[in-house]
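# Residue-level structure breakdown
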Amino acid sequence: MSRAEQIADELRMRIVTGRLRPGDAVPSTRAIMRDHNVAMATASRVLSLLQADGLIESVPGRGSVVLAPDGGDPAVLTADGVVSAAVAIADAESLAAVSMRRLASALEIPTMAVYRYVPSREQLEFAMVDRVLGEVRAPNASGQWRADLEAAATSMWATMVRHPWLAGALSMTRPAAMPQAMPLAESMLSALHAAGLDPVQAFTDYLGLLNLIRAVGLTLEPELADAAETGMSNDEWMDTQVAELRRLTPPDRFPNMRRIMEVGYPYDPEVLLTSALRRFLDGIESSVS
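Residues numbered from 1 in each chain as written. Predicted model: local features only at pLDDT ≥ 70, side-chain atom pairs only at ≥ 80, totals over all residues. Heavy atoms only, no water.

As named in an unreviewed UniProt entry, the protein chain is GntR family transcriptional regulator, taken from Gordonia cholesterolivorans.

Written as structure tokens, this is what we have:
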């Protein structure tokens, strides 16, 4: 994020939280230069970003002032309603399609009004992910650790199928602390502890299981996009590649690849996940038996 974007975010937050109200003057270019020790071009860029968002306007004799929100359905214009609208766009089009402008258009409000409910694109995405993670049903402990993990994984997968963008939005290396993710984490860790794993190994296997589900989930959104673009299912597309694959895999060099080509492979991400999950849990079971 550039310095201009950082300063714009600070001012945006002041507008969203009401510290700068409609009609209030925002810091001038010179004030931004002085307060943040930046060049004129950077300060001008800050005001341009806020104006492009529809948060401020230039008034002769007064400089830049905060615009008042306008339009929209009062029943939808809540933080919860705005996040719901963003989730609907992502489900239908992709996470990349969810911009503040696109969201404002869907809500039929100026772009600046969106920022009054979600202060930034980053916080919007956080809220979207947290929202849909709340759909994952963490099973109550049944006394059968494997069944509990299977139930948790199945619920997580079902949520990814409903929201194909979710897998790509999840970070496994630097995850955010999301309230709605905690019940699932606690349930899965409880099951792994019940299996007899120590805390470190339990957490390692918990992360491994999440990464397994996420990895298969990452194929969902691209496949939907490819199907929409080509008008072909995965199997239909693969049929168009058979001749080239045969050319690249002469049987004397790639006998195993040719075997599966002769048999055929009906790709199904759910079958892939079910098989991988079973083998993952078989490994845990064998290690504790």
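Having put the structure on the table, let's press on.
Our focus in this paragraph is the packing of aromatic side chains. Tallied over the entire structure, the rule returns 1 aromatic pair. Geometrically, the ring pair formed by Phe203 and Tyr206 is tilted, given 5.4 Å between the ring centres and 45° between the ring planes. Taken as a pair, Phe203 and Tyr206 lie in helix α11 (residues 199-217) at a separation of 3 residues, close to a single helical turn. For Phe203, a relative accessible area of 40% corresponds to the partly exposed category. The exposure class of Tyr206 is buried, given its relative accessible area of 10%. (Phe/Tyr/Trp six-rings, centres within 6.5 Å; stacked < 30°, edge-to-face > 60°. Helix = DSSP H or I, 4+ residues; strand = E, 2+ residues; numbered from the N terminus. Buried < 20%, exposed > 50% of the residue type's maximum accessible area, 1.4 Å probe, protein only.)

Moving on, we get to the pairing of strand β1 (residues 56-59). Along a regular strand, successive side chains alternate from one face of the sheet to the other. The sheet contact formed by β1 and strand β2 (residues 63-66) spans 4 bridges and is antiparallel. Bridging from a neighbouring strand, Val59 pairs with Gly63 of β2. Between β1 and β2, which pair antiparallel and follow one another directly, the connecting turn spans 3 residues, one of which, Gly61, has a positive phi of 85°. (Pairing = 2+ DSSP bridges.)

What follows covers the UniProt feature "DNA-binding region" (unreviewed entry) in the protein chain. Per the UniProt record, "DNA-binding region" (unreviewed entry) is annotated on residues 99-118. As a span, residues 99-118 carries 60% helix and 0% strand, and end to end its C-alpha atoms are 12 Å apart. (UniProt positions renumbered as here; feature names shortened; annotations may be inferred.)

Before going further, it helps to spend a moment on the side chain of Ser120. Examined against the element boundaries, Ser120 turns out to sit in the loop between α6 (111-114) and α7 (121-133). With sequence-adjacent residues up to four places away left out, Ser120 is seen in contact with Met100 and Tyr115. (Contact = heavy atoms within 4.5 Å.)

Quantified by volume, the largest pocket comes out at close to 570 Å³. Lining the largest pocket we find 26 residues, and of these Leu170, Ser171, Pro175, Ala176 and Ala181 sit closest to its centre. Counting only elements with at least two residues in the lining of the largest pocket, the list comes to α7, α8 (145-162), α10 (182-194) and α11. Broken down by class, the residue content of the lining of the largest pocket amounts to 21 nonpolar, 2 polar and 3 charged. (1 Å grid on protein atoms, 1.4 Å probe; cavity = no way out; pocket = protein on both sides within 12 Å on 5 of 7 lines; lining within 4 Å. Points joined across faces, edges and corners; volume = space filled by probe spheres on them. Nonpolar A, V, L, I, M, F, W, Y, C, P; charged D, E, K, R; others polar.)

Moving on, we come to the packing of helix α1 (residues 3-16) against helix α3 (residues 40-52). It is at 8 Å that the axes of α1 and α3 come closest, and there the two elements cross at 50°. With respect to their mutual orientation, α1 and α3 come out oblique. Note on packing geometry: the crossing formed by α1 with α3 is right-handed. Here α1 contributes Arg3, Ala4, Glu5, Ile7, Ala8, Leu11 and Arg12 to the contact with α3, which in turn contributes Thr42, Arg45, Val46, Leu49 and Leu50. Taken together, the residues that form the contact of α1 with α3 break down as 7 nonpolar, 1 polar and 4 charged. (Axes fitted to C-alpha atoms, helices over the stretch in contact; angles between N-to-C directions. Parallel < 35°, antiparallel > 145°, perpendicular 65-115°, else oblique. Left-handed = near helix turned anticlockwise from the far one by under 90°.)

Our next topic: helix α4 (residues 79-93). Relative to the 21 Å expected for 15 residues at 1.5 Å per residue, α4 spans 21 Å between its end C-alpha atoms, a close match to the ideal helical length. Residues Gly81, Val82, Val83, Ala85, Ala86, Val87, Ile89 and Ala90 constitute the buried set of α4. Positioned one or two residues after α4, Ser94 has a phi angle of 135°, which is positive. (Expected span 1.5 Å × (residues − 1).)

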